[in-house]
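One letter stands for each residue in the lines below.
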Protein chains: 2
Amino acid sequence: MLILKKISEVRDWVRRKSSKGGQIGLVPTMGYLHEGHLSLARAARRENDFVIMSIFVNPLQFGANEDLDTYPRDLKRDSQLAAAAGVDAIFAPEVSEMYPYYPQLTTVNVTEITEVLCGAVRPGHFSGVATVVTKLFNIVQPDRAYFGQKDYQQCLVIKRMVADLNMPVEIKMVPIVREKDGLAMSSRNVYLSEEERRQALCLNEALRICRDLYDKGERSARKLLDAVQDRIRQEPLAAIDYAEICSAELLQEVDEIKENVVVALAVRIGSTRLIDNIVLEGDTGV
Amino acid sequence: MLILKKISEVRDWVRRKSSKGGQIGLVPTMGYLHEGHLSLARAARRENDFVIMSIFVNPLQFGANEDLDTYPRDLKRDSQLAAAAGVDAIFAPEVSEMYPYYPQLTTVNVTEITEVLCGAVRPGHFSGVATVVTKLFNIVQPDRAYFGQKDYQQCLVIKRMVADLNMPVEIKMVPIVREKDGLAMSSRNVYLSEEERRQALCLNEALRICRDLYDKGERSARKLLDAVQDRIRQEPLAAIDYAEICSAELLQEVDEIKENVVVALAVRIGSTRLIDNIVLEGDTGV
């Protein structure tokens, strides 16, 4: 696997590949790859001539009391998994390469859709995400970039940023990949004890209960959320950060479901914060 | 002159020109062109295969009580002047083309160097500038972009944004162009009455006095600024917004001049706000 540490190396690699008209797919990650990341890489492999994955634990998107220092890292393992998924090159810069002057003066900021859900409890998080993704887009200049639906709000923020700033890149949202028992894949799942791992299933099960009620005709957000919360509260180690039903594009609160909505969960299992979501297709199909 | 109104037209034009390896120079303006703008166009003409000028009065960078509605516009005259200066195409979009959703959710923000001088009296101005320039860069994807030194702080903000966000474009700062009597060229000079026009000379003359004292060995910022303010205060219609000496890169206040500094002025002549500046090369040459 070709591992690039310097921005100049990435620019040279991209120039060589795209000079022959080759299309470039970018898969931005923080590493410690799981099947979710690899499904992004495989999608990029199918739709582009060349695939580059970035592996960078971006300090700008971590809060003061979050897990920046303990976030799991394993570049050797990651490079083997990425190669098997069809990645051609990995961009794994040091913090000093991405932020020679940290924190830098310039940030990219998206309002409104960043002020709810994860944005409400992680101030500055999405500004850090938007800023580092802008940097990666400017360094790689990809034709397409791939993000996972598990971070649904992040996907929306990136799509909105790309539209608002006319960035010449196509954003692809790839469905959530789950463990056999339904737990959404996450690098943070390694934090879970055996008992926590068992109780963590409540996120997916609560969402399945929600979908079943919706399929049976329930359209009241309040009633659907009550069912979601009831299921999660059965687990003694589970504490709900948020459980909300929002419009699928602007993340505005919804009382009665008519258009597409996202049912979004953030739940602390012990000290580990997990997120999950499903999209419900509104009857109007909008 | 080829006048493009749509972003898609610009992308098509650029694709045709750059596909043959042609280098693209971008000259962003708000129109109502004067010799200052045309010197940017000529520099772009010398250094690139193709030159595109944007003409867009960007509402995002105007304050509520500023002159957005009265800002002078004359696209017919501009296109003739631009053609004579070697511009190949003009991008003159409607506000609805640049901001289909206004104000948009996403902005680019630069701190510290935007909080002094013009940034201190025009809140949100440089965020509006950084955001629209980012959009223009993403639409045109130029090899080089040209900005005038008269807006010295704007040049610094753009340079810093490009560095912080790894934008693949080279920023060129072009010297101030002055009328025969020394008044810095500005689209806003048309606002001046005959008497105001005469008194407006105090900006350039104050800066010349400052440079003379500096050349004679004066290194105290306080003493240099006293001389600057004394000259401006001789004009009854002149009111100083600011008169400052700052480090040339980070715009930090300076007491004794050792490194390169900018002497920056903003003065209201009647109701018209004019700016001007000079750079003094520090003895350390840094």
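In this text, all values refer to a predicted model and were calculated from it rather than measured experimentally.

### Points about the side chain of A:Thr106
Part 1 of the reasoning: Tracing the backbone through its elements, the reader meets A:Thr106 in strand β5 (residues 106-110).
Part 2 of the reasoning: At 2.8 Å, the side chain of A:Thr106 forms a polar contact with the side chain of B:Asp164.

### Some words on the relation of the copies chain B and chain A
Part 1 of the reasoning: When chain B is fitted to chain A, the best match, at an RMSD of 0.0 Å, comes from turning it 180° and sliding it 0.0 Å along the axis. Both copies are brought into coincidence by an operation consistent with a two-fold rotation axis. Using C-alpha coordinates, one finds that chain B approaches the rotation axis most closely at B:Val108, a distance of 2.3 Å.
Part 2 of the reasoning: Taken together, the interface assignments show that 100% of the residues at the interface of chain B recur at the interface of chain A, consistent with an identical surface on both copies.

### Considering the sheet that holds strand β1 (residues 2-4) of chain B
Whenever strands of a sheet pair, they do so through backbone hydrogen bonds, lying parallel or antiparallel.
Residues and elements named next belong to chain B.
Part 1 of the reasoning: The strand order across the open sheet built from 6 strands is β1-β4-β3-β2-β6-β7, with neighbouring strands paired in parallel fashion. Every interior strand has two partners, whereas the edge strands, β1 and β7 (170-174), have only one. The mean angle between the axes of side-by-side strands here comes to 25°, regardless of whether they run parallel or antiparallel.
Part 2 of the reasoning: Sheet strands in contact with helix α6 (residues 125-140) are β2 (24-29), β3 (50-55), β4 (89-91), β6 (144-148) and β7, and its direction is about 150° off that of β2.

### Concerning the interface of chain B and chain A
Part 1 of the reasoning: Between chain B and chain A, the contact holds 26 residues from the first and 26 residues from the second.
Part 2 of the reasoning: Both faces combined, the contact of chain B with chain A buries some 2,400 Å², and carbon together with sulfur accounts for 49% of it.
Part 3 of the reasoning: Here chain B is connected to chain A by 0 salt bridges.
Part 4 of the reasoning: If you look at where chain B meets chain A, you find 18 residue pairs in polar contact (both at pLDDT 80 or more).
Part 5 of the reasoning: When residues of the side of chain B that touches chain A are traced back to their parent elements, those giving at least two are α1 (7-19), β5 (106-110), α6 and α7 (152-164) of chain B.
Part 6 of the reasoning: A per-class count over the side of chain B that touches chain A returns 11 nonpolar, 10 polar and 5 charged.

### Quick notes on the packing of aromatic side chains
Part 1 of the reasoning: Under the definition given, this model contains 8 aromatic pairs over all chains.
Part 2 of the reasoning: Measuring from ring centre to ring centre gives 5.5 Å for A:Tyr99 and A:Tyr102, while their planes differ by 65°; the resulting arrangement is edge-to-face.
Part 3 of the reasoning: A centroid spacing of 6.0 Å and a plane angle of 80° characterise the contact between B:Phe62 and B:Tyr71, whose relative ring orientation is edge-to-face.
Part 4 of the reasoning: Residue classification places B:Tyr71 among the buried residues on the basis of a relative accessible area of 7%.

### Concerning helix α10 (residues 221-232) of chain B
Part 1 of the reasoning: Taking 1.5 Å per residue as the helical rise, α10(B) with its 12 residues ought to reach 16 Å, and the 16 Å between its terminal C-alpha atoms agrees with that figure.
Part 2 of the reasoning: Looking at the packing, one finds that the buried side of α10(B) touches α9 (202-215), β8 (238-247) and β9 (261-269) of chain B.

### Here's the deal with the domain arrangement of chain A
It is common to report an interface's size as the accessible area lost on association of the parts.
All names here are of chain A.
Part 1 of the reasoning: Splitting chain A by domain gives domain 1 (2-174) and domain 2 (187-278).
Part 2 of the reasoning: If you look at the interface, domain 1 gives 22 residues, while domain 2 gives 17 residues.
Part 3 of the reasoning: One can count 1 salt bridge joining domain 1 with domain 2.
Part 4 of the reasoning: A salt bridge links Arg188 to Asp67, with the shortest nitrogen-to-oxygen separation between them at 2.9 Å.
Part 5 of the reasoning: Sorting the residues of the side of domain 1 that touches domain 2 by element identifies α5 (117-121) and α7 (152-164) as the ones contributing at least two each.
Part 6 of the reasoning: With 4 residues, α7 is the largest single contributor of residues to the side of domain 1 that touches domain 2.

### Regarding the packing of α6(B) against α7(B)
Residue and element names in this part refer to chain B.
Part 1 of the reasoning: In contact at an axis separation of 10 Å, α6 and α7 are set at 55° when each is read in the N-to-C sense. Our classification of the angle between α6 and α7 gives oblique. When you trace α6 past α7, the crossing you get is right-handed. Along the contact surface, α6 presents Phe126, Val129, Ala130, Val133, Thr134 and Phe137, while α7 presents Gln153, Gln154, Val157, Ile158, Met161 and Val162.

Definitions and limits used
- Residues numbered from 1 in each chain as written.
- Chains lettered and ligands numbered in written order.
- Predicted model: local features only at pLDDT ≥ 70, side-chain atom pairs only at ≥ 80, totals over all residues.
- Heavy atoms only, no water.
- Helix = DSSP H or I, 4+ residues; strand = E, 2+ residues; numbered from the N terminus.
- Polar contact = N/O pair within 3.5 Å; in protein donor to acceptor, adjacent residues only side chain to side chain.
- Least-squares fit on C-alpha atoms with pLDDT ≥ 70 in both.
- Contact = heavy atoms within 4.5 Å.
- Pairing = 2+ DSSP bridges.
- Axes fitted to C-alpha atoms, helices over the stretch in contact; angles between N-to-C directions.
- Buried area = accessible area lost by both parts, 1.4 Å probe.
- Salt bridge = Lys/Arg side-chain N within 4 Å of Asp/Glu carboxyl O.
- Nonpolar A, V, L, I, M, F, W, Y, C, P; charged D, E, K, R; others polar.
- Phe/Tyr/Trp six-rings, centres within 6.5 Å; stacked < 30°, edge-to-face > 60°.
- Buried < 20%, exposed > 50% of the residue type's maximum accessible area, 1.4 Å probe, protein only.
- Expected span 1.5 Å × (residues − 1).
- Domains from an automatic or database assignment.
- Parallel < 35°, antiparallel > 145°, perpendicular 65-115°, else oblique.
- Left-handed = near helix turned anticlockwise from the far one by under 90°.

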